[in-house]
Amino acid sequence: MRILFFGRGVISTQYAWALEKAGHTVEFYVRKGRKATFGSHLELEMWDARKGKQFIKQSWDVQLHEEIRPNYDLIIVSVHTEHLPEVTQFLSTVAGTTPILIFNNIWQDLKSAISPLFMNNVVFGFPGAGGGITDNTLRGGFFKMIFLEKPRAGTEQVNNKVKELFESAHFKISWIKDMQNWLWNHFAMNAAMESEVLRRGSFPALLNHRDSFANVGKNMREIAPVLKARGAKIDMISLLLTKIPPPLLSMLFNKVIFVKGSLARLSIEYNNTKAGFSVIEVVKEAKKLGISLPRLTATLEKNERHNVIEKFS
């Protein structure tokens, strides 16, 4: 297949590399001026967990374009959530009938989130990867599993195309029956974690404080009523975050999930994105619903991004 990735971010780059190794043609769309800035190659220092855990270290040549051509089999979008509205608006004018995989975190209603794209031309999924890019070097890694919504009426053909693409590169698909609910829960968990990242100063700093994940659990307990008020069902992971006592939760994350050397931990250690957008969005929604979020609100007020919230008070 001929695949276009929208943006040359950490998620897009890792999956593009894996798909190219499987024999597909991969290219990147970047904003005007970025092609010269990014250059024609990227240094990779990442872990590939599809078959065991293999460390990839190489200089990888990439194809960058500042315009979107009409000859792609699939466009894959994985961007910062706050940029998704402008991306979908742009794609509605240039993508034509090319199928699109939205590989992204989303807090809005799915149809509204991708408007004015047609729902039947779009499939929603979520990656199992992380890390960051600094000085043209990508550090991080990706798991074998990706998440993909079960076909909706009218999307069977696009779903099958995405399924075949990733399976050809030896990824395993976890099918999500209710993608809207799954993404709402995941976004809420992001907000619970990012609130603690704002308190600690960075994603790596989150891992170096014993109480960080206990606080993530407390944040999630605070957010749970917002999920319920907007009609979401609390899924298993969110339920565990809200029900496990904070000290036990802290031990579970520090000693098991994010143990030193694990791919999960490395994905966060190299994450250099600016945290806070998910916290802002959840607090905005809580204000609309009349729900108090003292922990998250206090964190924002102590952070430089608190002025964003004041517009919605």
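K.L.:
Help me out: how do you make sense of the nonpolar core in this one?
P.N.:
Soluble, globular proteins show a tendency: their nonpolar side chains are buried together. Core analysis: the largest hydrophobic core is formed by 37 residues, its most contacted members being Trp107, Phe213 and Val282. Counting only elements with at least two residues in this core, the list comes to helix H6 (179–200), helix H7 (203–207), helix H8 (212–229), helix H10 (246–257), helix H11 (263–269), helix H12 (277–289) and helix H13 (294–301). When residues of this core are assigned to their parent elements, the largest contribution, nine residues, is made by H6. Excluding its chain neighbours within four sequence positions, the residues that come into contact with Val282 are Trp107, Phe187, Ala191, Ile223, Leu293 and Leu296.

K.L.:
How should I be thinking about the pattern of salt bridges in this particular structure?
P.N.:
It is possible for side chains of opposite charge to pair when their charged atoms get near one another. According to the stated counting rule, one finds 12 salt bridges in the structure shown. For the salt bridge of Arg139 with Glu45, the shortest nitrogen-to-oxygen distance reads 3.2 Å. One end of the pair, Arg139, is in strand S10 (residues 137–143); the other, Glu45, is in strand S3 (residues 41–49), with 94 residues separating them in the sequence. Using a relative accessible area of 22% as the deciding quantity, one classes Glu45 as partly exposed. Salt bridges sharing common partners tie together Glu45, Lys57 and Arg139.

K.L.:
Any chance you could explain the sheet that holds S3 here in plain terms?
P.N.:
What links the strands of a sheet is backbone hydrogen bonding, and the strands pair in either a parallel or an antiparallel sense. Reading across from one edge, S4-S3-S10-S9 is the order of the four strands in this open sheet, with mixed pairing throughout. Because the sheet does not close on itself, it has two edges, and the strands there are strand S4 (54–61) and strand S9 (129–134). Strand-to-strand twist across the sheet, computed as the mean angle between neighbouring axes with direction ignored, equals 15°. Bridge count between S3 and S10: seven bridges; the pairing is parallel. Looking across to S10, one finds that Met46 is bridged to Gly140. Of the strands in this sheet, S3, S4, S9 and S10 touch helix H1 (residues 10–21), which is tilted by about 110° from S9.

Calculation notes
Residues numbered from 1 in each chain as written. Predicted model: local features only at pLDDT ≥ 70, side-chain atom pairs only at ≥ 80, totals over all residues. Heavy atoms only, no water. Core = buried A, V, L, I, M, F, W, Y, C linked by side-chain atoms within 4.5 Å. Buried < 20%, exposed > 50% of the residue type's maximum accessible area, 1.4 Å probe, protein only. Helix = DSSP H or I, 4+ residues; strand = E, 2+ residues; numbered from the N terminus. Contact = heavy atoms within 4.5 Å. Salt bridge = Lys/Arg side-chain N within 4 Å of Asp/Glu carboxyl O. Pairing = 2+ DSSP bridges. Axes fitted to C-alpha atoms, helices over the stretch in contact; angles between N-to-C directions.

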